[in-house]
Amino acid sequence: MPLQSLQRQGNPLADAANQLLILEQLGEGVVPFFHQTLEEHGLPAPTAQAVETLQINLGKLCNQTCRHCHVDAGPDRREIMSRDTMEQCLDVLTWSNIRSVDLTGGAPEMNPDFEWFVAEIRRLDRHVIDRCNLTILTSPAYTHLSDFFAEHKVEIVASLPCYLEENCDSQRGDGVFQRSIDALRLLNERGYGKPSSELRLNLVYNPVGATLPPDQQKLAKAYREQLRDRFGIEFNELFTITNMPISRFLDDLQRSHQYEQYMELLVTAFNPQAVEGVMCRSTLSIDWKGYLYDCDFNQMLNLRVDLSLAQHISEYDEASFARRPIRTGRHCYGCTAGAGSSCQGALLS
Ligand code: SF4
Ligand code: SF4
């Protein structure tokens, strides 16, 4: 079907199932099925190896409305995880081998039960990662959070799409860069990102346009020099992440008539070596209602875990999830292009 006939009318991308349909229809005849490409390279369909990390989406509420947000988050969204659902997650953590909890959103900190939840997870001696947009740490109601994070030894993974103010603000909104720098200083003052400290501060880069990220190590060096020399800021690692062709970024690609070009870029750059490490093999994603997905991206497409499995965290069973089949689609090319991409950055050095 021609791209133009699928252009959005109203706001169908707000609806995840509709978005998956659009993605599949747009790809028809243009982008090969992901499973076909795997077969051509002699690779089996991916299956999970273990569930090591629970990635929990605490809701779509956010203080920003970034151009490339794959969650379509913003200040007007009302979907947030309840304490009951958090308790179901905690219950699983008490008896399972899951060692790490990765909190995401929206801005996860805006969930009113965020601090209680983090404290409970840490009481169970699990590692906690907070995916932080930085500006939330300078918002009046949240300035105490940098102390809270240090006290609970929460690892921070913070978005900073560029060390240049203009590029950062064009993607994330006016004034975001300067507030992000202020937040990074706050975290550094608490000991985050210092070579001798156990408090880890990692940054996330994603391209401003419809391109692949550059080499992660080289970019990390440039970030380190720029942030240290210009602002005195330190951090541990830089993660480069490919923009996924879903949600607000898909919308952007459609509007700028770059969908086919971007998908061709991802397909051409398909790297069979990256398939082994895709994050769905070791992570399980949970939405704000407690439903289960192979990854955060499948969650945004409402593509739940294989139907032979429990669909909700209250019914989670470790044995069957550890080796589960993964539900893939054309969006998976975003994880396997070039050096590969995951929430922990490039998959290959
Ligand atoms: S990308 Fe992150 S900070 Fe930006 S709107 Fe989405 S959830 Fe919020
Ligand atoms: S998009 Fe999700 S399911 Fe597909 S390869 Fe990436 S992590 Fe796995």
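Read on for a plain summary of the structure.

Calculation criteria
Residues numbered from 1 in each chain as written. Chains lettered and ligands numbered in written order. Predicted model: local features only at pLDDT ≥ 70, side-chain atom pairs only at ≥ 80, totals over all residues. Heavy atoms only, no water. Pairing = 2+ DSSP bridges. Helix = DSSP H or I, 4+ residues; strand = E, 2+ residues; numbered from the N terminus. Contact = heavy atoms within 4.5 Å. Axes fitted to C-alpha atoms, helices over the stretch in contact; angles between N-to-C directions. Near = heavy atom within 4 Å. Nonpolar A, V, L, I, M, F, W, Y, C, P; charged D, E, K, R; others polar. Buried < 20%, exposed > 50% of the residue type's maximum accessible area, 1.4 Å probe, protein only. Arc of directions from axis to C-beta.

### What to know about the sheet that holds strand 6 (residues 238-240)
One key point about sheets: their strands pair by backbone hydrogen bonds, in either a parallel or an antiparallel sense. Read across the sheet, eight strands follow the order 6-5-4-3-2-1-7-8 without closing on themselves; strand pairing throughout is mixed. What marks the edges here is a single partner per strand, and that holds for strand 6 and strand 8 (292-293). Those strands touched by helix 8 (residues 216-231) are strand 5 (201-205) and strand 6, and its axis lies near 135° from that of strand 6.

### Some thoughts on the site of ligand 1
Ligand 1 sits among Cys 62, Gln 64, Thr 65, Cys 66, Cys 69, Ala 73, Gly 106, Asn 133 and Arg 172. When the residues that make up the shell around ligand 1 are grouped by side-chain class, the tally is four nonpolar, four polar and one charged.

### Quick notes on helix 9 (residues 247-255)
By the criterion of burial, helix 9 is predominantly enclosed, with seven of the nine residues buried. Taken as a whole, helix 9 has its buried residues at Ser 247, Arg 248, Phe 249, Leu 250, Asp 251, Leu 253 and Gln 254. Positive backbone phi, approximately 55°, marks His 257, located one or two places after helix 9.

### Describing the site of ligand 2
Around ligand 2, the neighbouring residues are Met 244, Val 278, Met 279, Cys 280, Cys 295, Phe 297, Asn 298, Ile 326, Arg 327, His 331, Cys 332 and Cys 335. Looking at side-chain class alone, the shell around ligand 2 contains nine nonpolar, two polar and one charged residues.

### So, helix 4 (residues 114-123)
Along helix 4, the residues that are buried comprise Phe 114, Phe 117, Val 118, Glu 120 and Ile 121. In a view along the axis of helix 4, the buried residues occupy a sector of 165°, so they form one face of it. Where helix 4 is buried, its residues meet strand 1 (53-57), helix 3 (83-95), strand 2 (100-104), strand 3 (127-132) and helix 5 (145-151). The first or second residue beyond helix 4 is Asp 125, which carries a positive phi of 60°.

### Let's talk about the environment of Val 176
Locating Val 176 in the fold gives a position in helix 7 (residues 176-189). Sequence separation between Val 176 and Thr 135 is 41 residues, and the spatial gap between their C-alpha atoms is 6.6 Å. Aside from chain neighbours lying at most four places away, what touches Val 176 is Gln 64, Thr 135, Cys 168 and Asp 169.

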